[in-house]
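# Breakdown of the fold
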Amino acid sequence: MNLERHFVNRIRQQAKTRQNATALRHKINGLWKDISWNSFQQQLDQLSLAFLACNIQVQDKIAIFANNMSRWTIADIAALQVRAITVPIYATNTAQQAEFILNHADVKILFVGDQEQYDHALEIAHQCPQLQKIVAMKEQIQLSETTLSCHWEDLIQLGTEELQTEFETRLANKTMDDLFTIIYTSGTTGEPKGVMLDYSNLAHQLEAHDIALDVNQDEVSLSFLPFSHIFERAWVAYVLHRGAILCYLEDTNQVREALTEVRPTFMCAVPRFYEKIYSAVLDKVQKAPFIRQMIFHWAIAVGQKRFDLLSQNKKVPFFLQKRYALADKMVLSKLRSLLGGRIKMMPCGGAKLEPTIGLFFHSIGINIKLGYGMTETTATVSCWDDHHFNPNSIGKLMPNAEVKIGENNEILVRGGMVMKGYYKNPEATAEIIDKDGWLHTGDLGTLKDGYLYVTGRKKEMIVLSNGKNINPIDIEAKLMSM
């Protein structure tokens, strides 16, 4: 694959062409501050030199144990520039969970975001013999072990101009076969497994999203889902690849305020986010005067009629257009303002979204793109179209993604997005990827007219006494919508 699609090259190209334009936006002392592409690249290069000063070799691992923040991305991409591998650790992991990942991945440098993560790291550091440094990403973190620990600014100081030649050599020798990350799955059925993803996996997804989506340099994306998951991490990569503005929300309790402050055009969310908004809106409507309830339900019905026609690729009649304009002015636009009022599209993943809720948001003019994917597929395999889709489905296949339904209705996936395997676990890799390259997802579903439908999980199927199979996913979706 062409090295122009290498993610590091995409970042450096954007920095070269965008220069003084805003790349990142984060909150400092309650105020949103911008980081230009020039400043972003300078910070990346300074940290890359520091990695070289720490003797980080090609495909060595650094780990990030922190909530979302601009320095998360800077540490990530700076490591990639020297051909190291980033290993994310979920911010709420216990010390023992972090210890397993640090040792299994042979992590040499660990970044921590808050005092809690630092204390966890210090607790298990003596059991991680390969760990060379614990780097505190915030000045206010109190360090109690100074030989192993340092602050971000102290690490930066280690980089010198004498390392520039080696840095340029690393940049010149990078390949699409290099791993860019190892992401450890939750380990609910045993020890976590490290999913190995390389630059060709990421490039495949960047290209597929270029075909499927319309994202330009003027867009603003708000990130609050954890970067330790592939969903938000891959979306961040895509936003930067497109040269758009990436906003960081470290405290997820501030989502509502951030939406009105940042007024994003894009934001990833999980079904639970929409379920909570849906329930809150309906609860408020039920307490409103009868006439306001009538106006609300009329407006939603008009919005749904319009959407139903658009989803069937039919023309919206003149009088329905007029009714929609009135409904939009009276109700729908006010509902959209809850999300900042500028949303163009909201990627949604991680679980099934109840069709009723998906239909509600599309009826008010919020373009939710429900998608299906896994860490092992570098996120998205299928997603809803902008207008023409079936809300009961999990979307149409992404460009260049192969899907077929295998034995017992299991969804099988093949293509450039499929992982290289599980780190240090060839047996588990052989169990999930067959000799023909098909990834066995463990999800059950059907494929009809290009639309993918997920009906359950292989391991979660309930067999009743009469022999009938029941999918818990359907029961759960109904309960969540009540």
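Attention here is on the structure that accompanies the text. (Residues numbered from 1 in each chain as written. Predicted model: local features only at pLDDT ≥ 70, side-chain atom pairs only at ≥ 80, totals over all residues. Heavy atoms only, no water.)

## Regarding the nonpolar core
What counts here: We define a nonpolar core as any set of buried Ala, Val, Leu, Ile, Met, Phe, Trp, Tyr and Cys residues linked to one another through side-chain atoms lying within 4.5 Å. Only protein chains enter the area calculation, which uses a 1.4 Å probe; residues under 20% of their type maximum are buried, those over 50% are exposed, and those in between are partly exposed. Any two residues having at least one pair of non-hydrogen atoms within 4.5 Å are treated as being in contact.
One finds F40, L47 and F111 to be the most contacted residues of the largest nonpolar core, which totals 137 residues. Excluding residues within four positions of it along the chain, L47 makes contact with I74, A75, A78, F111, W152, L155 and I156. The next biggest cluster of nonpolar side chains, apart from the first, holds 28 residues, and it includes A63, I85, I101 and A121.

## Comments concerning the pairing of strand β10 (residues 220–223)
Let me state the cut-off plainly: Strands here mean DSSP runs of E at least two residues long; helices mean DSSP runs of H or I at least four residues long; both are numbered from the N terminus. Whether a crossover is right-handed depends on one test, that the path from the first strand over the helix to the second runs clockwise when the strands point away from the viewer. Strands are treated as partners if at least two bridges between them are detected by DSSP.
Judged by which residues are buried, β10 turns out to be covered on both faces: V220 and L222 on one side and S221 and S223 on the other are all buried. In this fold, β10 hands off to helix α9 (residues 230–242), which returns the chain to strand β11 (residues 245–248); that crossover is right-handed. Pairing geometry for β10 and strand β12 (residues 266–267), over two bridges, is parallel. Looking at β12, one finds that L222 is bridged to M267.

## Topic: the packing of aromatic side chains
Aromatic ring pairs are reported here in terms of the distance separating the ring centres and the angle at which the planes meet. Note the cut-off: Any two rings among Phe, Tyr and Trp, with Trp reduced to its six-membered ring, count as a pair given centres within 6.5 Å; such a pair is stacked if its planes are under 30 degrees apart, edge-to-face if over 60, and tilted if neither. A ring has a charge above it when a Lys NZ or an Arg CZ is no more than 6 Å from the ring centre and no more than 35 degrees off the ring normal.
All told, the structure shown has 15 aromatic pairs when counted by the stated rule. Ring geometry for F51 versus F111: centroids 6.0 Å apart, planes at 90°, classification edge-to-face. Linking F51 in helix α2 (residues 37–53) with F111 in strand β5 (residues 107–112), this pair joins segments that are 60 residues apart in sequence. The exposure classification of F51 matches that of F111, with both residues buried. Between F273 and Y274 the ring centres are 5.4 Å apart and the planes differ by 85°, which places this aromatic pair in the edge-to-face class. Both residues of the pair, F273 and Y274, count as buried. Every member of this aromatic cluster is reached through a ring pair, and the members are F224, F273, Y274, Y278, F360 and F361. The ring of Y422 carries K193 above its face, with NZ or CZ at 5.4 Å from the centroid. The ring centre of Y324 lies 4.1 Å from the NZ or CZ of R306, which sits over that ring.

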